[in-house]
Amino acid sequence: MELEWLNPKLLNNTPFARRDFLFFNRVPKVGSEQLIELMRQLSEINDFSISRAPFSHPIHYHMGEVAQGELLNVLDDLGEAHAYSMHVNYINFRQHGMTQPIYINMVRDPVERVISWFYYRRTPWSVVQNYRVTKKFLSTQFYKKDFHDCVLSKDTECVYEQGASFTQTEALHIRQTLFFCGHDPVCEPFNSYGALQRAKENVEHDYAVVGSWEDVNVTLKVLENYIPKYFRGVTQLYYDGLAKEKRNNNTWKPKIREEVKEIVRKNFTREYEFYHFCKQRLYRQYLALNNLE
């Protein structure tokens, strides 16, 4: 007897997308550059076009209804059989009178992602990129800051207060759930129950796949089977070449002591709940593929 919770038809949102358009609203520091490169190569094999937001574009943490509508009009002009990626919170296309795309994203251990972002902001290439956009350099003290000292001294950048809003913290990047929750006020408070529940609902109802490079084989197989139009052949392509590369790898990031990570983890309870929810859903999708074979 088929287990209902492993029914592949109930775990596959791709058929419900009324438009042949893949939208990767990528979370920062989850390995999205690697996935984008795979998609670029697959576009030549599977006959779809691909584009991405320019590096100079800011991360869209919060957009009003008008700005959301303007963005969706731009995406609508990209046409069918197209994959687009950008750093932006989830947007419900239906609420703007448009058909929902095929949504995908990636997740990563919340604290590891925060550490990665902390040091990424201090890499030479990130500093140059930020200067090109803002025409400003931050202080020398900022660039020399160490994550251990930042956490232990309770520096503003490394204080992750429950329920903190954008105006109360420098660490906008800490909210992984934000990219799945959306732009409403309920999504803003850090590590909040409301943001967690909204993010879960959106993943369950609208995301075809939320993968993770921590489970590379599972992610590749799920992408290939649940979104074949765009990811047919992705596993072979990955192991034929891309697996040997380390795209966007930060050699400037040191090894962080476990006790410091544990201090940070204590304030990421709901961020971890969401992360594990996405991983469990990914494995359910993977196990359900046995019912298709």
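Further up the page is the structure itself.
## A closer look at the state of the cysteines
No. 1: As enumerated under the stated definition, the model contains 2 disulfides in all.
No. 2: A sulfur-sulfur separation of 2.0 Å characterises the disulfide bridge that pairs Cys150 with Cys158. In this structure the cystine formed by Cys150 and Cys158 twists about its S-S bond by roughly 100 degrees; its chirality is therefore right-handed.
No. 3: Put simply, Cys181 and Cys187 are joined by a disulfide, and their sulfur atoms are 2.0 Å apart. Around the S-S axis, the bridge from Cys181 to Cys187 shows a dihedral of about -75 degrees and counts as left-handed.
No. 4: Take the cysteines of the protein that form disulfides and number them in order along the sequence; they join up as 1-2, 3-4.
No. 5: The thiol of Cys278 is not disulfide-bonded; the next cysteine sulfur, from Cys181, is found 12 Å away.

## A short note on the packing of aromatic side chains
No. 1: Within the structure shown, the criterion is met by 21 aromatic pairs.
No. 2: Measuring from centroid to centroid gives 6.0 Å for Phe23 and Phe93, while their planes differ by 75 degrees, and the two rings are edge-to-face. Taken together, the residues Phe23 in strand β1 (residues 21-24) and Phe93 in the loop between β3 (82-85) and β4 (102-106) connect sequence positions 70 residues apart.
No. 3: Three or more aromatic residues joined by ring pairs make a cluster, and in this case those are Phe23, Tyr84, Tyr90, Phe93, Tyr103, Phe180, Tyr207, Phe274 and Phe277.

## A word on the pattern of salt bridges
No. 1: Within the structure shown, the criterion is met by 20 salt bridges.
No. 2: Note that Arg40 is salt-bridged to Glu37, the shortest N-O span being 2.8 Å. One end of the pair is Arg40 and the other is Glu37, both in helix α1 (residues 32-46) and 3 residues apart, which spans about a single turn.
No. 3: For Arg40, a relative accessible area of 38% translates into the label partly exposed.
No. 4: Between Asp184 and Arg198 there is a salt bridge whose closest N-O contact spans 2.9 Å. With Asp184 in the loop between α7 (178-181) and α8 (193-206) and Arg198 in helix α8, the pair connects residues that are 14 residues apart, well separated along the chain.

What counts and what doesn't
Residues numbered from 1 in each chain as written. Predicted model: local features only at pLDDT ≥ 70, side-chain atom pairs only at ≥ 80, totals over all residues. Heavy atoms only, no water. Disulfide = S-S within 2.5 Å. Phe/Tyr/Trp six-rings, centres within 6.5 Å; stacked < 30°, edge-to-face > 60°. Helix = DSSP H or I, 4+ residues; strand = E, 2+ residues; numbered from the N terminus. Salt bridge = Lys/Arg side-chain N within 4 Å of Asp/Glu carboxyl O. Buried < 20%, exposed > 50% of the residue type's maximum accessible area, 1.4 Å probe, protein only.

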